[in-house]
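The lines below spell out each chain.
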Amino acid sequence: MSETIFGKIIRGEIPCHKVYEDDQVLAFLDINPLSKGHTLVIPKEPAQTLDALSEESAAALGRVLPRICRAVIAVTGVKEYNVLENNGTGAHQAIAHVHFHIIPKPNRSEGLGIGWPMHALDHQEGAELAARLRTALA
Ligand code: 5GP
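The written sequence of each chain sets the order in which its residues are numbered from 1. For this predicted model, a pLDDT threshold of at least 70 governs which residues receive local features, and a threshold of 80 or more governs which side-chain atom pairs are given and counted, while totals over whole chains, interfaces and linings are taken from all residues. Water and hydrogen atoms play no part in the side-chain values, which are based on all heavy atoms of the structure.

Focus: the packing of aromatic side chains
Here comes step 1: Between rings of Phe, Tyr and Trp, where Trp is taken as its six-membered ring, a pair exists when centres lie within 6.5 Å; planes separated by under 30 degrees are stacked, by over 60 edge-to-face, and by other angles tilted. Per the counting criterion, the structure on display carries one aromatic pair.
Here comes step 2: Between F6 and F28, the aromatic rings sit 5.5 Å apart at their centres with planes inclined by 75°, giving edge-to-face as the arrangement. Taken together, the residues F6 in helix 1 (residues 5–10) and F28 in strand 2 (residues 25–29) connect sequence positions 22 residues apart.
Here comes step 3: Partly exposed describes any residue whose relative accessible area lies between the buried limit of under 20% and the exposed limit of over 50%, with all areas from a 1.4 Å probe on protein chains only and scaled to the type maximum. By relative accessible area, F28 is classed as buried at 2%. A run of DSSP states H or I qualifies as a helix once it reaches four residues; a run of E qualifies as a strand once it reaches two. Both are numbered from the N-terminal end.

See below:
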């Protein structure tokens, strides 16, 4: 995996506003926040996308994410928020190192805006797809 700016932040080579750190996880404020308190939570493991992350790092992230969310809520006073994790440039991932955004949603104009181009599930197609996914997971 190629070097990213988050690798440099993990190693302390460039500064960040650190929020949390343990052996496997680092959290810091986003440099271009969508709202006050916008925080990034990253594994120290240099995986590019979530599907490439080890179970150990995933577990470490999952363990602390709710706690960091609670701190963001407590400090901003904003109870509503989005947790976002982009994978691949086509899916809006700019930095090729796994990162979860915690983005407070204080009002309609600040925070994350989401396009949601939904359509009804075809249940026959859904049954086949779910079966294939179960096989892939077995
Ligand atoms: P992505 O689009 O990859 O999901 O989001 C990358 C995020 O990283 C963006 O929200 C961007 O503002 C943030 N970011 C990019 N470079 C830096 C940096 O050097 N420091 C910090 N703290 N955040 C960064």
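Thoughts on the pattern of salt bridges
Here comes step 1: A pair is scored as a salt bridge if a Lys or Arg side-chain nitrogen falls within 4 Å of a carboxyl oxygen belonging to Asp or Glu. Counted by the stated rule, this structure contains four salt bridges.
Here comes step 2: Taking the shortest distance from any N to any O, the salt bridge between E21 and K18 comes out at 2.6 Å.
Here comes step 3: When its relative accessible area of 52% is taken as the criterion, K18 is described as exposed.
Here comes step 4: Residue E21 pairs with K44 through a salt bridge whose shortest N-O separation is 2.7 Å. Of this pair, E21 sits in strand 1 (residues 18–21) while K44 is found in the loop between strand 3 (39–43) and helix 2 (55–76), placing the two residues 23 residues apart along the sequence.
Here comes step 5: One network of salt bridges, with partners in common, ties together E3, R11 and E13.

Some remarks on the side chain of H99
Here comes step 1: Mapped onto the secondary structure, H99 falls in the loop between strand 4 (81–84) and strand 5 (100–104).
Here comes step 2: Within polar-contact distance, the side chain of H99 engages the backbone oxygen of H97 at 2.5 Å.
Here comes step 3: The residues contacting H99, other than those within four sequence positions of it, are F6, L40, V41, I42, L84, E85 and Q93. Polar contacts here mean pairs of N or O atoms no more than 3.5 Å apart (in protein, one a potential hydrogen donor and the other a potential acceptor; neighbouring residues in sequence count only if both atoms are side-chain atoms). Residues count as neighbours in contact if any of their non-hydrogen atoms are within 4.5 Å of one another.

Some words on the site of the ligand
Here comes step 1: The criterion for a residue being near a molecule or strand is simple. One of its heavy atoms has to lie within 4 Å of it. Taken together, 16 residues lie near the ligand, and D30, H92, A94, H99 and H101 sit nearest.
Here comes step 2: Take I31: an N or O atom from its main chain is 3.3 Å from a nitrogen atom of the ligand.
Here comes step 3: Between the ligand and the protein, one listed contact pairs an oxygen atom with a side-chain N or O atom of H99 at 2.8 Å.
Here comes step 4: Burial of the ligand by the protein amounts to 82% of the accessible area it has alone, namely 520 Å².
Here comes step 5: Counting only elements with at least two residues in the shell around the ligand, the list comes to helix 1 and strand 2.
Here comes step 6: Residue contributions to the shell around the ligand peak at three residues, all from helix 1.
Here comes step 7: Here the shell around the ligand is built from residues that sort into nine nonpolar, six polar and one charged. The protein chains shown are the only cover counted for residues, whose accessible areas, like all others here, come from Shrake-Rupley with a 1.4 Å probe. Residue classes follow a fixed rule: Ala, Val, Leu, Ile, Met, Phe, Trp, Tyr, Cys and Pro count as nonpolar, while Asp, Glu, Lys and Arg count as charged, and any other residue, Gly among them, counts as polar.

Honestly, that's just the spatial picture; any functional story needs more than this.
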